[in-house]
Amino acid sequence: MGNKDSKSKKQQQYQSLEKKYEAKRPVFKNCIKAFFVGGLFCLLGQAVSYFYIYFFNFTEQTSGNPTVATMVFFSMLLTGFGVYDHIGQFAGAGSAVPVTGFGNAVISAAIEHRTEGFVLGVGGNMFKLAGSVILFGVFSAFIVALIKTLLIKWGVI
Amino acid sequence: MRKCLILFIVMGTVLVGGCNNDGPKESGISLIKTTNPTPVTIGKDTKKDQELVRSVEKDIEDFDELYDVAVIKGKEDILVAYKVKHMQRFHMKRIEKDINKRLEDKYPEENFIVSSDYKIFLEAVELEENMKDSNYSQKEAEKKLQEIIKLKKELT
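Residues numbered from 1 in each chain as written. Chains lettered and ligands numbered in written order. Predicted model: local features only at pLDDT ≥ 70, side-chain atom pairs only at ≥ 80, totals over all residues.

With an unreviewed UniProt entry as reference, chain B is termed Sporulation protein, source organism Bacillus yapensis.

As annotated in an unreviewed UniProt entry, chain A carries the name Stage V sporulation protein AC and comes from Bacillus yapensis.

This is the structure:
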């Protein structure tokens, strides 16, 4: 890592030139798109959740788990059909941040590495990105549960 | 790809549509409509009991944060279900605590089960509807109430 300030004259010239020609990223527009598409996913999730409440024995509290599973399943199907790629291109973070992005990460990696065989290709690469999600999710849940248990033991909450 | 998408939508519609087998009932639309079910008692339907459930419902309705209250009195427990106004859902825990406190203070000898869960409300409305039918026995009603209470206590 070099010093940031010590740039030669040529580098500075290049930077100002680059700034002139580089296309500006429409950050605000992207945020709006992500907000609405992500919100649409959540709307669908709410509908699925009410579906479980109405037709099965789930309460608002317990319907979360099957809803998450269903949403991941939907996004897996959409990824397989090649629809989710287009949604991702349009919405960016709006399609990656909700839990549907998890299903997309699993299946897209599986499709990409199919040519390398089922064990080393699909099996080994399927959880390339999703594995870290699971790992850090489980670990942080463990830490939070530990803190909560201790706080309850000490009578703080 | 387009074909697959169409197939997916059609399949989804058929699968979801197949589940809708019961006709339009009050409980079915209670998600978007205020139902205000009448408070009911299972088992002995004495005047004292009726007055009790009515006054319980009135007490709960006095809270500004909520609307639509269902009260069902079983043999031992009284089930209280309510819907919380949308923006007040942030204070759901506090509201439940307040209600519990008020009920315990006012009726110390009764056993209350208080829930803001929509599923509990839905089941309570359904039970109240079923009890209008004279073929529905008191025993069945009590059993259903116990099932609802069990559902309320479930956490996962």
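1. A few points about the overall build of chain A
Convention followed: Numbering of helices and strands starts at the N terminus; helices are DSSP runs of H or I of at least 4 residues and strands are runs of E of at least 2. Computation of the radius of gyration draws on C-alpha atoms, with the globule rule given as 2.2 Å multiplied by the number of residues to the power 0.38. To sort residues by burial, count the other C-beta atoms lying within 10 Å of each one's C-beta; a count of 20 or more means buried, 12 or fewer means exposed, and anything in between means partly exposed. C-beta atoms are built from the backbone. Residue pairs are scored as contacts if the distance between their C-beta atoms, which are placed from the backbone, is within 7 Å.
The helix and strand tally for chain A stands at 8 helices and 0 strands. Its helices and strands taken in sequence order, chain A reads α-α-α-α-α-α-α-α from the N to the C terminus. Taking 157 residues into account, the globule formula puts the C-alpha radius of gyration at 15 Å, and chain A, at 22 Å, lies well above it. Once the C-alpha set of chain A is aligned to its principal axes, its extents read approximately 70 × 50 × 40 Å. Across the 157 residues of chain A, 20% fall into the buried class. Here the analysis covers contacts within chain A between residues at least 6 apart in sequence; of these, 56% occur between residues at least 24 apart.

2. A word on the overall build of chain B
A tally of helices and strands in chain B yields 5 helices and 4 strands. In chain B, the succession of α and β elements from N to C terminus is α-β-α-β-β-α-β-α-α. Looking at chain B as a whole, 26% of its 156 residues are labelled buried. When contacts within chain B are restricted to residue pairs at least 6 apart in sequence, long-range pairs at least 24 apart make up 65% of them.

3. So, the interface of chain A and chain B
Spelled out, the test is: Just so you know the grouping, Ala, Val, Leu, Ile, Met, Phe, Trp, Tyr, Cys and Pro go in nonpolar, Asp, Glu, Lys and Arg go in charged, and all remaining residues, Gly too, go in polar.
Tallying the contact residues gives 13 residues for chain A and 14 residues for chain B. Only helix 2 (27–55) and helix 3 (64–81) of chain A provide two or more residues apiece to the side of chain A that touches chain B. Top element by residues in the side of chain A that touches chain B is helix 2 of chain A. It accounts for 3 residues. Residues of the side of chain A that touches chain B, tallied by class, amount to 7 nonpolar, 5 polar and 1 charged.

4. Regarding the nonpolar core
Worth spelling out the cut-off: Think of a nonpolar core as buried Ala, Val, Leu, Ile, Met, Phe, Trp, Tyr and Cys residues chained together by C-beta atoms that fall within 7 Å.
Core analysis: the biggest nonpolar cluster contains 28 residues, and A70, I72, L79, V80, A81, F121 and A124 of chain B have the highest contact counts within it. Those elements that place two or more of their residues in this core are helix 2 of chain A together with helix 2 (47–61), strand 2 (66–73), strand 3 (77–84), helix 3 (92–106), helix 4 (118–132) and helix 5 (138–153) of chain B. The element that contributes the greatest number of residues to this core is helix 4 of chain B, accounting for 7 residues. If near-sequence neighbours (up to four positions away) are discounted, A70 of chain B is found in contact with P37, A81, F121, A124, V125 and E128 of chain B.

5. Concerning helix 4 of chain B
Using the following cut-off: Multiplying 1.5 Å by the residue count of a helix minus one yields the expected span of that helix.
Compared with the 21 Å implied by 1.5 Å per residue over 15 residues, the 22 Å span of helix 4 of chain B between its first and last C-alpha is a close match. Taken as a whole, helix 4 of chain B has its buried residues at Y118, K119, I120, F121, L122, E123, A124, V125, L127 and E128 of chain B.

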